[in-house]
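A closer look at the structure
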Amino acid sequence: MTQRLRDFGLSCGIMRPGPLNAITDVPGVKLGHCTLQEGDIRTGFTALLPHDGNLFRRKVRAAVDVINGFGKSAGLMQLAELGQIETPLLLGNTLAVGTGFDALVTRALAANADIGRETGTVNPLVLECNDGYLSDIRARALTQEHAFAALDAAASGPVAEGAVGAGSGMSAFGFKGGIGTASRRFDLDRSGHTLGVLALANFGNAGDLVLPDGRRPAPPSARPQAERGSVILVIATDIPLESRQLQRTARRAGAGLARLGAFWGNGSGDIAVAFSTSDQIEHDQRDDLVPLRALNENRIDTLFRAAAEATQEAVLNAMVAAPAMTGRDGHHRPSLGDWLRQNPS
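Read on for an overview of the structure. (Residues numbered from 1 in each chain as written. Predicted model: local features only at pLDDT ≥ 70, side-chain atom pairs only at ≥ 80, totals over all residues. Heavy atoms only, no water.)

With respect to the overall build of the chain
Scanning the chain for helices and strands turns up seven helices and 14 strands. Its C-alpha atoms put the chain at 60 × 45 × 35 Å along the principal axes. Restricting to contacts in the chain with at least 6 residues of sequence separation, those with at least 24 account for 79%. In the form shown here, the chain has an accessible surface area of approximately 14,300 Å², with 47% of it arising from carbon and sulfur atoms. When the 34 positive and 36 negative side-chain charges of the chain are each reduced to one mean point, those points stand 4 Å apart. (Helix = DSSP H or I, 4+ residues; strand = E, 2+ residues; numbered from the N terminus. Contact = heavy atoms within 4.5 Å. Areas by Shrake-Rupley, 256 points an atom, 1.4 Å probe, with all protein chains shown as cover. Lys, Arg positive; Asp, Glu negative; His and termini not counted. Charge placed at Lys NZ, Arg CZ, Asp CG, Glu CD.)

Quick look at the structure:
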C-alpha cells in the first residue's frame, strides 16, 4: 500500500485533515489519472473536476495566483479576468498543453451545441510542468485519447498519489516528485467545511527541502544547480467566496511552498488556482442582478492557514508516495519515502 507523510509520524501544521486528507474531501470534486510508463516515457494526464455536471453551464468561482510565471499553461488569462472556471482542469507536461486544450474543447463542444454559435467559445484550463529529465518529452507521447482517459477516470474517494498521471515523470528537491494531495477541515457558523489541495510537484533544489521536524534530507548525488522546476497547486473549497477572496487564498499556497524550503527561482513556474464549489454561476442566467454570498473577511485567516498547511503536506505526500525511478538516458531520482524508512525520526 502506498505510504503517505503521516505514516512516518510527520504532519504539517495544527489543523485537522479531512477523512481522506485529500482534495476529494471537498464534496463533488473528482480526480482521475492516465499514466504512461514505457521505454523512455514517464508522463501522463491528471484531470480534476470541480463537479460532475456540465461545467460550461454551471461554472465555479475561481482565481489564480502566479507565484512565478515561468510556465506555458492555457486559460489563465480569462480565469484571472472573469474569476470563473468552465471546463475540467487538466494537468500534464509542458509540450502537451495543446493536446489537453484540444481534448477539453472537443468535450465541451460535444456537450454544448451552442458554443461558437448562439453563445461564446470556451476557455479550457490546462496546466503543466516539465517532466523532461525522466521522460522523453520530445516524443510528445500524450494524445487526446489519454486526456479523455483521465477525464473518464475521474472519481471521488481516495486519490492515487506519487508517480501517477501528470506526476509520472516529475522531480522535487532532487527526489522523485509527482502528484500529491491533502485537506483541512474546520467549522464556520457551526457548520463543517473543507479546503483541499492537489499538488503537481516538480520543483526545488536538492538539499533545500525542509521536513516538518526540521530535518533536511538530500539525495546522495545532490549538487548545486539553478532552480528550473515548476509546481502546480489547485485549491478547492466548499465555502462561498468571491473571486478576490479565492485569489487571496491561492496566494497563501506560496507560504506552504516556503515552509518546504522553496524560493521560487527564476526558471520555476509556480502557479496556484483556487475555486469554490459553492454558489455556482449559471451560464444561462437571465436576471440582471444575482445574489452573491461571501465569507466574512475577518474569518479568512482560517482559509489562509488551511491553504498553507495543506499545500506543504500535499507536496510531501507526492514525494513520499513516489517510488525511486530511473528514466530517460538513465536519469535517476531516489524516493523520499525510502529516505524516511532508512532515517526514522
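Description of helix 3 (residues 144-153)
Those residues of helix 3 that fall on the buried side of the exposure criterion are A147, F148, A150 and L151. For helix 3, the arc enclosing every buried residue in end-on projection is 160°, short of the 170-degree limit, so these residues lie on one face. Pointing more than 90 degrees away from the buried face of helix 3 are the exposed residues E145 and D152. (Buried < 20%, exposed > 50% of the residue type's maximum accessible area, 1.4 Å probe, protein only. Arc of directions from axis to C-beta.)

Here we look at the nonpolar core
In this structure, L195, F203, L257 and L336 are the most contacted members of the largest nonpolar core, which totals 49 residues. Broken down by element, the residue count for this core peaks at 11 residues, all from helix 6 (residues 301-321). The contacts of L257, once residues within four sequence positions are left out, are I67, F203, V231, L233, A262, W264, T311 and V315. With 31 residues, the next largest nonpolar core counts L55, A62, V64 and L91 among its residues. (Core = buried A, V, L, I, M, F, W, Y, C linked by side-chain atoms within 4.5 Å.)

With respect to unusual backbone geometry
The backbone of R140 sits at a positive phi, close to 50°, despite the residue not being glycine. By secondary structure assignment, the location of R140 is in the loop between strand 6 (125-129) and helix 3. A positive phi is found at W264, a non-glycine position, where the angle reads about 60°. Along the chain, the position of W264 falls in the loop between helix 5 (253-259) and strand 12 (269-282). A residue is classified by how much of its surface remains accessible, and W264, at 34% relative accessible area, is partly exposed.

Digging into the sheet that holds strand 1 (residues 30-38)
The strand order across the open sheet built from four strands is 1-2-5-6, with neighbouring strands paired in mixed fashion. Either end of the sheet is taken by a strand with one partner, and the two such strands are strand 1 and strand 6. For this sheet, the mean angle separating the axes of adjacent strands, direction not counted, is 15°. The pairing of strand 5 (residues 89-93) with strand 6 spans five bridges and is classified as parallel. When the sheet's bridge partners are listed, L91 is paired in strand 6 with L127. Strand contacts of helix 2 (residues 97-111): strand 2 (41-49), strand 5 and strand 6, with the helix running at about 160° to strand 6, the strand carrying the most contacts. (Pairing = 2+ DSSP bridges. Axes fitted to C-alpha atoms, helices over the stretch in contact; angles between N-to-C directions.)

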